[in-house]
Amino acid sequence: MNSSTLLVVAQWLLGLFVLVLVAVLISIVVMYVVDKTQTKHTIRRNFPVIGRFRYMFEDLGEFFRQYFFAMDREEMPFNRAQRSWVYRAAKNADRNLAFGSTRDLTVNGTIIFANAPYPRQSEEKTQPAPVEIGPYCAHPYAPASFFHISGMSYGALSPVAVRALSKGAKLAGCWLNTGEGGLSPYHLEGGGDLVFQIGTAKYGVRNEDGSLNEQRLKELSEMEQIKMFELKLSQGAKPGKGGILPGVKVNKEIAQIRGIAEGQDSISPNRHPEIKSDAELLDFIARIRGITDKPVGIKFVMGDPAWIDEFIEAIKQRGEAAAPDFITLDSADGGTGSAPQALMDYVGLKLSESLPILVDKLIAAGLKERIRVIVSGKMISPADVAWALAVGADFIVSARGFLFSLGCIQAMQCNKNTCPTGITTHQKSLQKGLDPQVKAVRVANYHKFLEYGVNIVAHSCGVSDPRQLNRRHARVITHTGDSISLAERYPPQAPRV
């Protein structure tokens, strides 16, 4: 390249630089004028141009904290240590740690397990026996696995995410709950067991006026894959409010599956219009069970524990056959794609309080064997599941644990249709990053190694089967820094005679 050519290139670059500089200066002047004259943002009016950086730093702050500043055990709702374990389990990577635990064992409420002097050896492991649900149904269900996939709707999740969960559930041998958004073809693809959830809007089984479409419900019950029906009263992240799916996510297919208008916000009622008393709840359970001949249960987050006594009394008056076949108890710290902060932060009881209450009341009423207890809400690690089994749960379900196995990075954009991992977005460009075949294997791996981890805890406590865990095997740290047995904290209840 000769000198004249170099001179031309240099002049062109200089001209471009000057042009960009002038454009930047003009932009700054325009932003200055706009900021000084607008009245909505105080910071921008008092500090024009510079004040705009506040909003940028506010948006970026959560990502910098996640990757650079937060300690492994500090983040909410799930810290890095919790997420990392799920990621490693899903990838079948090394799950062992070196040097020592980073978990603070002195915090009030911390759960620890009481190891036995003579732990069980691996060859003494027993396969969990199937636990029957719905003994009064023509088609009861008896799954052996104690860990399953909780309700997540198609719509809230992308089709590729649902497809991966469906295939993964089949590989793992666990059930997949459809969530309240109805049954999609992606739920059926994997060929595994399904639990169909009926939310307050009756998506997938609704008439135009929002009432129950019995004919459609009957058609679903005739599908071999659908094993149970779950009537959702409330969920932990938003008790007292129905599901929320922003209109930007309601495409033509989702609208058809749910039976709603395309492109409009999908907001469920805060309760089933047909149910406003315990008697009407039992009537509705009987109605669904009569149509489907399959187990029917209810899902709720506990508020006032006194309601459990009233509900049990209503069951007693009709006989145990009228009882729900299972209760899915959600925790107040459960997750969702979208919920008002007031409900997410302040309403409902956490599982650590509500599960012992529910189990004890069912035992005292002589209904614990009749009504199976399923629990959900931040149950993503072997220790969480072992604790729930020890307290008295029959099954544990998780949503966010399986989302992490799909690759969720806790970006907290579930309600914005901009999920960077393709899990909760309907943007095709973002969905391309999620390979359902690969992720299905990771879903199955996570399930496998979680149950394996629960077995490790159980063997350390001296039992061969995790279902043999009881409250004597777990302890809780008190305000003094010492621990007491859960059997002492929650004394077991004898059935009322």
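The sections below set out a description of the structure shown in this document. (Residues numbered from 1 in each chain as written. Predicted model: local features only at pLDDT ≥ 70, side-chain atom pairs only at ≥ 80, totals over all residues. Heavy atoms only, no water.)

## A closer look at the overall build of the chain
Move 1: Across its full length, the chain holds 17 helices and 13 strands.
Move 2: Taking all 497 residues of the chain together, 48% fall into the buried category.
Move 3: Sequence separation of 24 or more characterises 69% of the internal contacts of the chain that already satisfy a separation of 6 or more.
Move 4: Here the chain displays about 23900 Å² of accessible surface, and carbon together with sulfur accounts for 57% of that area.
Move 5: Placing the 57 positive and 49 negative side-chain charges of the chain at their respective mean positions leaves the two points 6 Å apart. (Helix = DSSP H or I, 4+ residues; strand = E, 2+ residues; numbered from the N terminus. Buried < 20%, exposed > 50% of the residue type's maximum accessible area, 1.4 Å probe, protein only. Contact = heavy atoms within 4.5 Å. Areas by Shrake-Rupley, 256 points an atom, 1.4 Å probe, with all protein chains shown as cover. Lys, Arg positive; Asp, Glu negative; His and termini not counted. Charge placed at Lys NZ, Arg CZ, Asp CG, Glu CD.)

## Thoughts on the environment of A172
Move 1: One can find A172 in helix α5 (residues 159–172).
Move 2: Between the C-alpha atoms of A172 and Y446, which are 274 residues apart in sequence, the distance is 8.9 Å.
Move 3: Those residues within four positions of A172 in sequence are excluded, and the remaining contacts are A444 and H447.

## Details of the nonpolar core
Move 1: Grouped together as the largest cluster of nonpolar side chains are 102 residues, with contacts concentrated most on L355, V375 and Y446.
Move 2: Ignoring sequence-local partners within four residues, the contact set of V375 consists of L329, L351, L355, A388, A393, F395, I396 and V397.
Move 3: Counting ten residues, the second largest nonpolar core, distinct from the first, contains I133, Y141, M228 and V397. (Core = buried A, V, L, I, M, F, W, Y, C linked by side-chain atoms within 4.5 Å.)

## Some remarks on helix α4 (residues 80–90)
Helical geometry note: an α-helix holds 3.6 residues per turn, so side chains three or four residues apart project in the same direction.
Move 1: Within α4, burial applies to R80, R83, W85, V86, A89 and A90.
Move 2: Directly beyond the C-terminal end of α4, a positive phi value near 55° is found at N92.

## With respect to the side chain of D360
Move 1: In this fold, D360 is placed in helix α12 (residues 351–364).
Move 2: A polar side-chain atom of D360 sits 2.9 Å from a polar atom in the side chain of R471. (Polar contact = N/O pair within 3.5 Å; in protein donor to acceptor, adjacent residues only side chain to side chain.)

## Some thoughts on the sheet that holds strand β13 (residues 483–485)
Move 1: With antiparallel pairing, the three strands of this open sheet are ordered in space as β1-β12-β13. Every interior strand has two partners, whereas the edge strands, β1 (111–113) and β13, have only one. Between one strand and the next, the sheet's axes are offset by a mean angle of 35°, whatever the strand orientation.
Move 2: Inspection of the sheet shows strand β12 (residues 474–477) paired to β13 by three bridges, in the antiparallel sense. When the bridges of β13 are listed, R475 appears paired with S485. (Pairing = 2+ DSSP bridges. Axes fitted to C-alpha atoms, helices over the stretch in contact; angles between N-to-C directions.)

## Focus: the environment of T110
Move 1: Relative to the helices and strands, T110 is located in the loop between α4 and β1.
Move 2: Judged by its relative accessible area of 9%, T110 falls in the buried class.
Move 3: For T110 and T478, which are 368 residues apart along the polypeptide, the C-alpha to C-alpha distance reads 8.1 Å.
Move 4: Not counting chain neighbours up to four residues away, the residues in contact with T110 comprise R103, D104, L105, R475, V476 and I477.
Move 5: Among the polar contacts listed, one links the side chain of T110 to the backbone oxygen of V107, at a separation of 2.8 Å.

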